[in-house]
Amino acid sequence: MADGGEAIAPFAGWRVVELSTGIAASYCGKMFADAGAEVVKIEPLQGDPMRRWSAGGGAGALFGYLAADKRSVLRDDEEDSALIGGADLVITDLTDGWSLDDLAARVGQSAVVAAITPFGTAGPYVDEQVDANEFILQALCGSIAGRGWPGSEPLQAGGRIGEWVAGTFAAVASAAAVRHARSGGGGAVIDVSIYESMVVVMGSLSAMSASVLGGDAFMTQRSLELPSIVPTADGMIGFCTITAQQFQDFLVLIDRPDLLDDDDLAAMPGRVRRRDEFLAMVQRWTETRTTNEILDLAVALRIPVAPIGTPASVMKVDHFVERGVFVESTRGASQPRVPYRSTAVATRAPGSPPDVGEDTGRVHWQLRGGEPQHGRPDALPLAGVRVVDFTAFWAGPVATQILGTLGADVIKVEGVRRPDGMRLAGGRPPTWEQWWEWGPVFLCSNTNKRGISVELSEPRGRALALDLIARSDIVVENFSPRVMANFDLEWEAVHAANPRAIMVRMPAFGLDGPWRDRVGFAQTMEQASGMAWITGYPDGPPIIPRGACDPVAGLHAAFAAIAAIVVRDRTDAGMQVESAMVESVLNVAAEMVLEYSQNGIELRRDGNRGPGASPQGVYRCHTDDDWAAVALLDDAAWPALAALIGRPELGRDPALMTQSGRRFQADQIDKLLSDWAAQRTVCEAVRALREQGVAASAVVAPPALLDDEHLLARGFWETVEHPVVGSYRCTGMPFTFVGRPRRWVLTPPPVYGQHTVEVLTDLLGLTEDELADLRAAGAISDRPAGL
């Protein structure tokens, strides 16, 4: 709340032009429309192709979700120029003949242009005109290579996660840039790469692990989950045992305490070797109990657990029903609501999408002459904003990381007794000196931050936190609600310490509802949201995509934080914002619910096949475990592909000239492609396919991303010099501000407590004697306790 004032739409008065034919730019535009901006789509005469997109039923379900509350005008050069010249923000995927240079020339000097394209606007893959859909990009970014059991066909993540993520990255960067421009900071052109977004979200952890620890690090291998999704007496349920304690509790859950001392089973390599034995014992237990019975028992043991969301079931989950997560649109479709809430921030209820061109000639914007510029025009958009970061693991740190990357001063607070758990995960064994500094996830997601140690359970530590909050703008935390309550650091305490503070809370399942206090990780979100339901082989169980949900949640929370800052710019009052992790994920997975509620279509897993291309799949090449990903996106290229694989007569077969016809005979075509690929190296296969106009890529192992020519040419990888780890390559951001040097990682992730003295003396004014007293009381420390 904001001191009892009325809720304000953050971007009311902002003018946004959208030029798009796909999900990424459309979702970016939707995020601005939800927050009150006037969004106008400029469409060709036949309309955005997304209007005709169908998952098998009636067209338009996804379009209706993405385009609700937007306006539509038909493309006309004179009217286009007037709209673009009057816009605060132009969002484009550079399709339908638009060029970045043309748009940049038409906008006002205080406007922002965000271009979202597969590979960015420059680089080797752009020069080579590499063709790619989501599937090919997943192969390139390391996602497919990391999914599936060793020896089996590697597997795509269901849904077009990369496009949704790229749109969200663009929205965060654009919101910060527009706020900066409207306050006199000057405009910007933002070049967003879908490929780079997917590397950050779907491949970077394994690549970073290889960079920090070496290519043989366990995190660089296939992602394996045991236990994960198993059948119950009336459905399916998913588990997640991240910690050793959670796995021990799981053995107790399934009535096998006799295995608590089985060291081989306690480690993932041992469970993999004994996979059949382990799954058999788990399923003997789960198949005799209902999903709800198992949920109750697992929750009591604090094991991360979720029912498997399906198109028919996810909207009926008690937690989502009680919290009102799904709302009905004016089209009669169910959809997830806007994934953040505050009594101070107004968001739109889902309205109707526009008819093609219904607003042509009815939108009249004055040209933006440019706001008066103040200060340095090259300053980062969030310069001058201070963030107190109480987050841990991956989702929360991603939120504060992008705020810091965009210029905020982020101060990461870690407990003395419980530092960020990602410091301790996946790095070096406890026999190493300062082993807690080697966690790849921590190193990947905490750049551009200052780090201090403060034990919040100590009264003096809590007082330090409140003093820091009093001098800051934003407070971010991502624990279950009971944690901040235990520290007496909920909204009331924060607001009392600083009436202008914005508190962004990121609990897994929200601040209320039946699942309020449940433990939630990315895997749990993927199981509950339906992401797992649409990932896997047609005849096998659902498989979690593994990992994308953390950055998805972090990016949405960062967007919510910027929206809240814009509201505070007008009211000068603080507010609490809830950005539940699972609701961000449900928005990205919305197509499943939309198609079911509007068209009765039950989307489900289909291996590596998917809409928009046929054939589509991965095919083993001559060398061991090398796979080529292939997606025929254009019917016109089918005769050339048929000739390439030695069956030119199939290229003349009328039954195979269309995507639907080839899909009907997909098994036979896959067999021919498999036989062809098996006689070639992956490089030979990919080269030959691309020469015939067929989208293709090697299925890239994440460590190889570190040497990807396109990423290197664009300056995507940034070298970090860390005082303990040494030199390694790290992801920056998947976008550039055109005309400015690409350097996002300005400082390495902090070693534990690195800036405690600096912050407490320079910012809070403490003396050396006071610091000594705090150390003696255990309120601060130079190293985590007990390690």
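Bear in mind the structure is a predicted one, so any value in this text is a computation, not a measurement.

Undergrad: Explain the overall build of the chain to me, please; I cannot follow it from the model alone.
TA: Helix and strand counts for the chain come out as 31 helices and 23 strands. Taken against the 2.2 N^0.38 rule, which gives 28 Å for 787 residues, the C-alpha radius of gyration of the chain at 26 Å falls within 12% of a compact globule. With respect to the three principal axes, the spread of C-alpha positions in the chain is 85 × 75 × 50 Å. Each of the 787 residues in the chain was classed as buried or not, and the buried ones make up 60%. For the chain, the proportion of contacts with a sequence separation of at least 24, taken over those separated by at least 6, is 75%. Total accessible area on the chain stands at roughly 28100 Å², and carbon and sulfur atoms take up 50% of it. Distance between charge centroids for the chain: 1 Å, based on 69 positive and 100 negative side chains.

Undergrad: What's the story with the nonpolar core in this structure? I'm lost.
TA: When a protein is soluble and globular, its nonpolar side chains tend to lie buried together. With 150 residues, the main nonpolar core has Phe11, Phe32, Ile116, Tyr195 and Phe735 as its most contacted residues. Residue contributions to this core peak at 15 residues, all from helix α22 (residues 549-571). Formed jointly, this core draws a minimum of three residues from each of two domains, domain 2 (386-524 + 537-583 + 746-777) and domain 3 (615-703). When sequence neighbours within four positions are dropped, the list of residues in contact with Phe11 reads Phe32, Ala35, Gly36, Ala37, Ala175, Phe559, Ala563, Val566 and Arg570. If you look at the next biggest cluster of nonpolar residues, it comprises 28 residues, including Phe390, Ile469, Val759 and Leu766.

Undergrad: Whenever I open this one, unusual backbone geometry confuses me. Can you help?
TA: The peptide bond linking Leu226 to Pro227 adopts the cis configuration, its omega dihedral lying at 0°. Among the secondary structure elements, Pro227 is positioned in the loop between α9 (204-213) and β7 (229-231). Note that the residue after Ser614, namely Pro615, is joined by a cis bond; omega there is 5°.

Undergrad: So what exactly am I meant to see when it comes to the domain arrangement of the chain here?
TA: On domain assignment, one finds that the chain holds domain 1 (241-303), domain 2 (386-524 + 537-583 + 746-777) and domain 3 (615-703). Computed over C-alpha atoms only, the centres of domain 1 and domain 3 are separated by 41 Å.

Undergrad: Help me understand the pairing of strand β6 (residues 188-193) in this model?
TA: Residues in a regular strand project their side chains so that they alternate between the two faces of the sheet. Counting buried positions along β6 yields 6 of 6 residues, so the element is predominantly enclosed. Burial of the side chains of β6 extends over both faces: Ala188, Ile190 and Val192 are buried on one face and Val189, Asp191 and Ser193 on the other. Note that strand β5 (residues 112-117) and β6 share 6 bridges and pair parallel. Directly across from Val112, in β6, lies its bridge partner Ala188. Inspection of the sheet shows β6 paired to strand β23 (residues 735-737) by 3 bridges, in the antiparallel sense.

Undergrad: How should I be thinking about a nonpolar patch on the surface in this particular structure?
TA: A cluster of nonpolar side chains, Val252, Leu260 and Leu301, forms an exposed patch at the surface whose accessible area comes to about 190 Å². Mapped onto the secondary structure, Val252 falls in helix α10 (residues 244-253).

Undergrad: What's the story with the pairing of strand β8 (residues 236-239) in this structure? I'm lost.
TA: When β7 meets β8, the two strands line up antiparallel, connected through 3 bridges. Residue pairing across strands places Val230 opposite Ile237, the latter belonging to β8. Linking β7 to β8, which pair antiparallel, is a turn of 4 residues. Where β8 and strand β9 (residues 305-307) come together, 3 bridges link them in antiparallel fashion. Residue pairing across strands places Gly238 opposite Ala306, the latter belonging to β9.

Calculation rules
Residues numbered from 1 in each chain as written. Predicted model: local features only at pLDDT ≥ 70, side-chain atom pairs only at ≥ 80, totals over all residues. Heavy atoms only, no water. Helix = DSSP H or I, 4+ residues; strand = E, 2+ residues; numbered from the N terminus. Rg over C-alpha atoms; globule rule 2.2 N^0.38 Å. Buried < 20%, exposed > 50% of the residue type's maximum accessible area, 1.4 Å probe, protein only. Contact = heavy atoms within 4.5 Å. Areas by Shrake-Rupley, 256 points an atom, 1.4 Å probe, with all protein chains shown as cover. Lys, Arg positive; Asp, Glu negative; His and termini not counted. Charge placed at Lys NZ, Arg CZ, Asp CG, Glu CD. Core = buried A, V, L, I, M, F, W, Y, C linked by side-chain atoms within 4.5 Å. Domains from an automatic or database assignment. Pairing = 2+ DSSP bridges. Patch = residues over 30% accessible without salt bridge, like charges linked within 9 Å, V, L, I, M, F, W, Y side chains within 5 Å. Salt bridge = Lys/Arg side-chain N within 4 Å of Asp/Glu carboxyl O.

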